[in-house]
Amino acid sequence: MRKVIVNTTPLIALCHVGQLELLKKIYGEIMIPQAVYRELSEKKESICKEQVDNALNWIHVEKIENQMAKSMFKTQLHDGEVEVMILAKEKNADIVIIDDANAKKHAKYLKLPVTGTLGVLIKAKRQGHINELKPVIQEMIDKNIYISEKVMKICLEQVNEEM
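Residues numbered from 1 in each chain as written. Predicted model: local features only at pLDDT ≥ 70, side-chain atom pairs only at ≥ 80, totals over all residues. Heavy atoms only, no water.

Bringing unusual backbone geometry into the picture now. One non-glycine residue, asparagine 92, adopts positive backbone phi at about 55 degrees. As for its placement among the helices and strands, asparagine 92 is situated in the loop between helix H5 (79-91) and strand E4 (95-97). Phi angles above zero are rare outside glycine, and lysine 111 is one such case at about 65 degrees. Note that lysine 111 resides in the loop between helix H6 (101-109) and strand E5 (114-115). (Helix = DSSP H or I, 4+ residues; strand = E, 2+ residues; numbered from the N terminus.)

This is the structure:
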């Protein structure tokens, strides 16, 4: 089983378009650090918290062992992003799923394989879990998840879809 660690933003984005299950279909099981679970729990009307709670048979909330390592990242990253990277190192993760550009840079510096929400959606399309990528991306945009036109075009080209 691949070790996949997921940050808060990809979970929220997938939840908002009803596609959280894609993570299960693609990876089987995923791990999220406690800080990510806390971030999901902070918003009272979080539809994502409810969806994650209903998926705790394949989403595993993990505690990082090295709490001291958190202090090295604190100034530049959110708690969830920090714990994603620490957990990924501790578990020798196969991939981390993060959307924030600064967090991705840190993950790459730590030599962690990285993808984001759009990478997950491209993989889902290629594996036949979704029929079309464009409507899913458009729904994300409609739900105030920022995706530039340029990035959308690049993603659609990768799966042979038109703007």
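Here the focus is the environment of glycine 18. Turning to its location among the elements, glycine 18 is positioned in the loop between helix H1 (8-16) and helix H2 (21-27). Looking at glycine 18, the relative accessible area reads 56%, which means it is exposed. In this structure the C-alpha to C-alpha distance between glycine 18 and proline 33, which are 15 residues apart in sequence, comes to 22 Å. (Buried < 20%, exposed > 50% of the residue type's maximum accessible area, 1.4 Å probe, protein only.)

To continue, consider the pattern of salt bridges. Per the stated rule, a full pass over the model turns up nine salt bridges. Measuring nitrogen to oxygen at the nearest pair gives 3.8 Å for the salt bridge that ties arginine 38 to aspartate 79. One end of the pair, arginine 38, is in helix H3 (residues 34-42); the other, aspartate 79, is in helix H5, and 41 residues separate them in sequence. Exposure remark for arginine 38: the relative accessible area of 40% places this residue in the partly exposed category. Note on aspartate 79: relative accessible area 24%, which makes it partly exposed. Lysine 153 is the salt-bridge partner of glutamate 157, the closest N and O atoms lying 3.0 Å from each other. Here glutamate 157 pairs with lysine 153, and both are found in helix H9 (residues 149-158), just four residues apart, close to one helical turn. Overlapping salt bridges bring together Arg38, Lys70, Asp79 and Glu83 as one network. (Salt bridge = Lys/Arg side-chain N within 4 Å of Asp/Glu carboxyl O.)

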